[in-house]
Amino acid sequence: MRASASVSPSSPLIREYHRSLAELRSQGVEHEMGLRRPFENLLAGSARLHGWQYVAESGAKAGGHRIRPDGTVFDPNNFPRGFWESKDSHDDLDREIDRKLRRGYPDNNTIFEDTRRAVLYQNHSKALEADLSDARQLADLLFRFYAHTEPAIHEFEQAVAEFGKRVPDLALGLAGKIAEAHTHNRRFEAAFATFFSLCQLSLNPNISRAAVDEMLVQHLLTERLFRTIFDNPEFGRRNAIAAEVERVIGELVSQSFSRTEYLKSLDPFYLAIENAARTISDFSEKQLFLNGIYERFFRGYSVKVADTHGIVYTPPQIVDYMCGAVEEALKREFGLSLSSPGVTILDPCTGTGNFIVHLMRRISKRDLPRVYREQLFANEVMLMPYYIAALNIEHAYMELSGQYEPFEGLCFVDTLDLAEDRQLPMFSEANTERVERERKAQITVIIGNPPYNVGQLNENDNNKNRKYPVIDRRIHDTYAKGSKATSVSKLNDAYVKFFRWATDRLEGRDGIVCFVSNNGFVDQLAFDGMRKRLMQDFTQIDHIDLHGNVRKNPKLSGTTHNVFGIQVGVGITIAVRCGGDKRLRYSRVPEFWRKEEKLAFLTERSVPWATLAPDGGAWLVPEHAGEFAVGTPLVDVFGVHAMGVNSNRDEWVYDFSAVPLSGKVNRFVETYNAEVDRWRRSKQPASTIDAFVVADERLIKWSSTLKLKLLAGTYAEFTAQGIRPALYRPFSKRALYYDNVLIHRPGKWLSVFPPLAVEGENLVIALTGIASEKPFMALISNQICDLHLVGAGCGTQCFPFYTHSPDGSNRRENVTDSALENFRAHYRNPAISKWDIFHYIYAVLHHPAYREKFADNLKRELPRIPFAPDFAAFAAAGRELARLHVEYETLEPWPLEWVENPAYPLSYRVEDKMRLSKDKTALAVNPSLTLAGIPPETIAYRLGNRSALEWVVDQYRVTEDDRSGIRSDPNREDDPQYIVRLVGQVVRVSLDTVRIVGQLPTVFAE
Ligand SMILES: C[S@@+](CC[C@H](N)C(=O)[O-])C[C@H]1O[C@@H](n2cnc3c(N)ncnc32)[C@H](O)[C@@H]1O
């Protein structure tokens, strides 16, 4: 056990236990039910300290009986690690223990207690007795309880960890054998060819041979586990799909290699896992164990598949909540139950089959055979999850009904493909029949956890989501059509396709769609059309926002706060189509709740709902919307605004200095031009481009637009004029190679800062764009700005004072004449100039009250500018801020204290990175020099999620990009003290900014 996690005698948990017990006693409570709460809280709290989970009254099987200990603590693998049984002080504890043990209660790690005395049983005998009123004895009891690990479990943990580690190697080894067999084993190759075309026909026309090889690998590596853990020796023959795979594998192993021999090296791991599984008496725990294997396998081996397909199992509390919610909605709106004839349920992305298993547990034994045979369906497109789902569901049925019966509702199919207008054989005859039966079924409930994935982030990965013409068109015609957003690319996300598909699959009937998914659709701009359409397609929509969006709030951690351990926000939607009035309800859990708290909240099933009044495409209409609307839209003040430069290959086109930049751009251009030549000579169809181009990121970094340029035969050319100064991050300038081929989306910068115009003449106000994941900020610049000025997800928009023709001629003021007139008229002052307005706006955008009040509005819309009572004060402050922010490199540095380390010769170089002290008042530049005495107010000047000084620390470090191997060094040979001086200058900028902003008069008129 980790010492840090132990509960000390003086811990608040133990104090609270004694306090609440004493309080209950003083109220005269004496019976077991009344007095058990304090110990339960103690156990739940201490379990959480270990990262474990306490579950009350979780059923288990022991000694052939079903037992229900008062409490069970589960470890992160969902193994039960200890039990608790409470009695009241009038019982004879020893006699009660005897009785329980005879009934088969576990005695491998169980606390029996009667609020005064506790007895801990471990390894079948009494291990410790404790007087519960004594804090030290109680702490010892908990220590021993949590420290206990059964040997089989210990072995299991090691085995699974080891298995996870070995899988990539073994899988690679197997892939090698298969590759060999492709060339040397003709019978295998023939069987493979048939199997491959089957996969193309029934799973995915673009499936690669590698993906099919991978299926064989998955089968070979896991089939034994399924057979043994589920005690199902016939698995390979019985399963509708495994039989097909076995046929190909039969040919593979007939000549190429011995399956048993090859897998022998895994024997110790298999055996350990199998032994551990044998110690698990309850099927539901075996199921949880398989869920773990499901995720581990893909994360360890098929990471790309895990990403595109969303391989992550759904925590049981969420599954249970959703099944219960569907049951309630059926009853409330239709007077039906889960087992009513005519209620036909489909999980379209079943993974491990969790939802179906939970639903089955809610159905009476009398109705179950009918429902199982006729009313339940599930689809899965990946082989291993398909196997796991079959095993789980069929085993659960056997447990509930007492007999084995294959689950004919399970289809090996791509759900979204079912919307396409074609009737095909679906892998095997049996599977085709199943798919046909599902197609004909009148589905009324669709429930599940669809994958979420917008598409690949890196073009070199060749990991694109598949296209589905029918669904994609439906999304275009419904969700995208109604949208006011400029970009609706987020609608490509797989979960959106599943919403569209599921809604259409109800085929106009009344019914229910219940999904747990990425919930960006609830409030992000690109989804306004989807929200509007959902309100048309359904009568009642309930959404529980489980939050966990790490990008929105970087103080959250995916692992700690997100129910799936991921980075995007998650929510549960229950959409019901029925008669009656439209209704939209929303509930959001506190942002900082940990995963366990969120799951416990769902278990309690008492959700505090707020009824929303949607306004067009907005569900969560921000506060102060009316007041914000009164301001003048910034887009009306300026004629043109420009998006920050989106290079999509920063490591190649930015550098601290022009010389290394020219070197790497030249290398890039050479590779790219060679690829253009190679492509032209190959005369291949455009659809093969992804597989054709060299994907090595040490040579080139692709983006969708670069591939289009290659297809068009456009060559790149390096020219020295392409190197431009740019503001990459706050107070961090770089040399940028700016041209139309190498920059993914160059935008309008040639007309803002034309190469031949005099630098410094023009200024832009750069700010976080719509739907920014960073807090609002504004920063003025006299150089081209990057799209991610304050980090990924901020979508910088820039408002220039001047615009030009791209050749630098024809300079025009970009503040419109009508804006000038409006300002002059409002303030009755004809002397107001366009520069005054520009500076006025810059100051308003810094006003703390403005930022705070309109924080939500500024995420949905570009700023609107109110008329503050004192125009002149704002214009003057804005001018001063602009000067500081543009001319920061020429300011006198703030006098920081130089602390030199006598053990080292003085150096100004940043070796790897600078380090700020915890209290942020001292900055170690390198081992020889620390700059101390940084005034604490410095860090109050923030841009996005960092202070200006933290941006300098973050940016001026030596890095090496993992994928391209490109090194970046911020030290300047021509000016060795640049960084040290910059620190002092940015401290000065920060302090002056904080002072000026603090002195701004009120921004809102009374
Ligand atoms: C998030 S998981 C579902 C987990 C499941 N609820 C559980 O607890 O095990 C999504 C599953 O959908 C499958 N899937 C993804 N796209 C699919 C598609 N187009 N058709 C069918 N299944 C799909 C994935 O292979 C994955 O197993």
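Up top is the structure.
Remember, predicted model here, so these are calculated numbers, not experimental data.

About the criteria used
Residues numbered from 1 in each chain as written. Predicted model: local features only at pLDDT ≥ 70, side-chain atom pairs only at ≥ 80, totals over all residues. Heavy atoms only, no water. Helix = DSSP H or I, 4+ residues; strand = E, 2+ residues; numbered from the N terminus. Rg over C-alpha atoms; globule rule 2.2 N^0.38 Å. Buried < 20%, exposed > 50% of the residue type's maximum accessible area, 1.4 Å probe, protein only. Contact = heavy atoms within 4.5 Å. Lys, Arg positive; Asp, Glu negative; His and termini not counted. Charge placed at Lys NZ, Arg CZ, Asp CG, Glu CD. Near = heavy atom within 4 Å. Nonpolar A, V, L, I, M, F, W, Y, C, P; charged D, E, K, R; others polar. Axes fitted to C-alpha atoms, helices over the stretch in contact; angles between N-to-C directions. Parallel < 35°, antiparallel > 145°, perpendicular 65-115°, else oblique. Pairing = 2+ DSSP bridges. Polar contact = N/O pair within 3.5 Å; in protein donor to acceptor, adjacent residues only side chain to side chain. Salt bridge = Lys/Arg side-chain N within 4 Å of Asp/Glu carboxyl O. Left-handed = near helix turned anticlockwise from the far one by under 90°. Disulfide = S-S within 2.5 Å.

## With respect to the overall build of the protein
Part 1 of the reasoning: Secondary structure summary: the protein contains 37 helices and 37 strands in total.
Part 2 of the reasoning: Its C-alpha atoms give the protein a radius of gyration of 32 Å, within 12% of the compact-globule value 30 Å for 1006 residues.
Part 3 of the reasoning: The principal-axis extent of the C-alpha atoms belonging to the protein is close to 90 × 80 × 70 Å.
Part 4 of the reasoning: Taking all 1006 residues of the protein together, the buried fraction comes to 56%.
Part 5 of the reasoning: Across the protein, every contact between residues at least 6 apart in sequence was considered, and the portion connecting residues at least 24 apart equals 71%.
Part 6 of the reasoning: Between the averaged position of the 124 positive side-chain charges in the protein and that of its 131 negative side-chain charges there is a distance of 2 Å.

## Some words on the site of the ligand
Part 1 of the reasoning: In the vicinity of the ligand lie 25 residues, with Tyr294, Thr314, Thr352, Glu380 and Asp414 positioned nearest.
Part 2 of the reasoning: Tallied by class, residues from the shell around the ligand come to 14 nonpolar, nine polar and two charged.

## Focus: the packing of helix α7 (residues 209–229) against helix α9 (residues 242–255)
Helix-helix packing: each pair is described by the crossing angle between the helix axes and the interaxial distance.
Part 1 of the reasoning: Relative to each other, α7 and α9 sit at 95°, their axes nearing to 10 Å. By the angle between their directions, the pair α7 and α9 is classed as roughly perpendicular. Here Leu216, His219, Leu220 and Glu223 of α7 lie close against α9, whose contacting residues are Ala242, Val245, Glu246, Val248, Ile249 and Leu252.
Part 2 of the reasoning: Taken together, the residues that form the contact of α7 with α9 break down as seven nonpolar, one polar and two charged.

## Description of the pairing of strand β4 (residues 71–74)
A regular strand places its side chains so that they alternate between the two faces of the sheet.
Part 1 of the reasoning: Covered by surrounding structure in β4 are Gly71 and Val73 together with Thr72 and Phe74, the residues of both alternating faces.
Part 2 of the reasoning: The sheet contact formed by strand β1 (residues 53–56) and β4 spans four bridges and is antiparallel. Bridging from a neighbouring strand, valine 55 pairs with threonine 72 of β4.
Part 3 of the reasoning: Direction of pairing for β4 relative to strand β5 (residues 80–86): antiparallel, over a ladder of four bridges. Of the residues in β5, the one forming a bridge with glycine 71 is tryptophan 84.

## Some details on the side chain of glutamine 122
Part 1 of the reasoning: You can see glutamine 122 is positioned in strand β7 (residues 117–122).
Part 2 of the reasoning: At a separation of 3.0 Å, a polar atom in the side chain of glutamine 122 contacts the main-chain carbonyl oxygen of arginine 144.
Part 3 of the reasoning: In this structure glutamine 122 touches Asp107, Asn108, Asn109, Ala127, Arg144, Phe145 and His148, once residues within four positions along its chain are discounted.

## Observations regarding the pattern of salt bridges
Part 1 of the reasoning: Throughout the structure, instances matching the rule amount to 60 salt bridges.
Part 2 of the reasoning: A salt bridge links arginine 879 to aspartate 836; its shortest N-O distance comes to 2.8 Å. Here arginine 879, found in helix α35 (residues 871–886), pairs with aspartate 836, found in helix α32 (residues 834–844); they are 43 residues apart in sequence, far enough to count as distant.
Part 3 of the reasoning: What makes arginine 879 partly exposed here is its relative accessible area of 39%.

## A word on unusual backbone geometry
For residues that are not glycine, phi is negative in most cases, and the peptide bond is trans in most cases.
Part 1 of the reasoning: One non-glycine residue, lysine 683, lies in positive phi territory at about 55°.
Part 2 of the reasoning: Relative to the helices and strands, lysine 683 resides in the loop between α27 (658–682) and α28 (689–692).
Part 3 of the reasoning: With phi around 60°, asparagine 810 is a residue other than glycine that occupies positive phi space.
Part 4 of the reasoning: Mapped onto the elements, asparagine 810 comes out in the loop between β27 (802–803) and β28 (812–813).

## A few points about the packing of helix α1 (residues 12–26) against helix α4 (residues 135–147)
Part 1 of the reasoning: Look at α1 against α4: their axes get within 11 Å of each other, and the N-to-C directions meet at 120°. The pairing of α1 with α4 is recorded here as oblique in orientation. Like other packed secondary-structure pairs, α1 and α4 cross with a definite hand, here right-handed. Across the interface between the two elements, Ile14, Tyr17 and His18 of α1 pack against Ala135, Leu138 and Ala139 of α4.

## Quick look at the state of the cysteines
Part 1 of the reasoning: In total, this model carries zero disulfides according to the counting rule given.
Part 2 of the reasoning: Among the cysteines around cysteine 323, which has no disulfide bond, cysteine 514 carries the closest sulfur, lying 7.9 Å off.
Part 3 of the reasoning: There is no disulfide at cysteine 785, and the cysteine sulfur nearest it, in cysteine 798, is 4.2 Å away.

## Section: the sheet that holds strand β12 (residues 445–448)
Part 1 of the reasoning: The sheet built from nine strands is open, its strands ordered β11-β10-β9-β12-β13-β15-β14-β16-β17 with mixed pairing. Of all strands in the sheet, those bounded by a partner on one side alone are β11 (410–412) and β17 (610–611).
Part 2 of the reasoning: As defined by bridge partners, β12 adjoins strand β13 (residues 511–518) across four bridges and the pair is classed as parallel. The partner of isoleucine 446 across the bridge, within β13, is valine 513.
Part 3 of the reasoning: Contacts from helix α15 (residues 354–361) reach β9 (345–347), β10 (376–380) and β12 within the one sheet, and its direction differs from that of β10 by about 165°.
Part 4 of the reasoning: Against the sheet, helix α17 (residues 383–401) engages β10 and β11, with an angle of about 165° to β11.

## A short note on the sheet that holds strand β30 (residues 897–900)
Part 1 of the reasoning: Spatially, the four strands line up as an open sheet ordered β30-β33-β32-β31, and their pairing is antiparallel. Edge strands, defined here as strands with exactly one partner in the open sheet, are β30 and β31 (915–916).
Part 2 of the reasoning: Where helix α37 (residues 978–998) meets the sheet, its contacts fall on β30, β32 (923–926) and β33 (929–932), and the angle it forms with β33 comes to roughly 10°.

## Some words on the environment of glutamate 295
Part 1 of the reasoning: Positionally, glutamate 295 belongs in helix α12 (residues 283–300).
Part 2 of the reasoning: Judged by its relative accessible area of 23%, glutamate 295 falls in the partly exposed class.
Part 3 of the reasoning: Distance in space between the C-alpha atoms of glutamate 295 and proline 385 is 9.5 Å, their sequence separation being 90 residues.
Part 4 of the reasoning: Not counting residues up to four positions away in its chain, the partners in contact with glutamate 295 are Ile311, Val312 and Tyr313.

The quantities given are spatial measurements derived from coordinates; they are silent on function.
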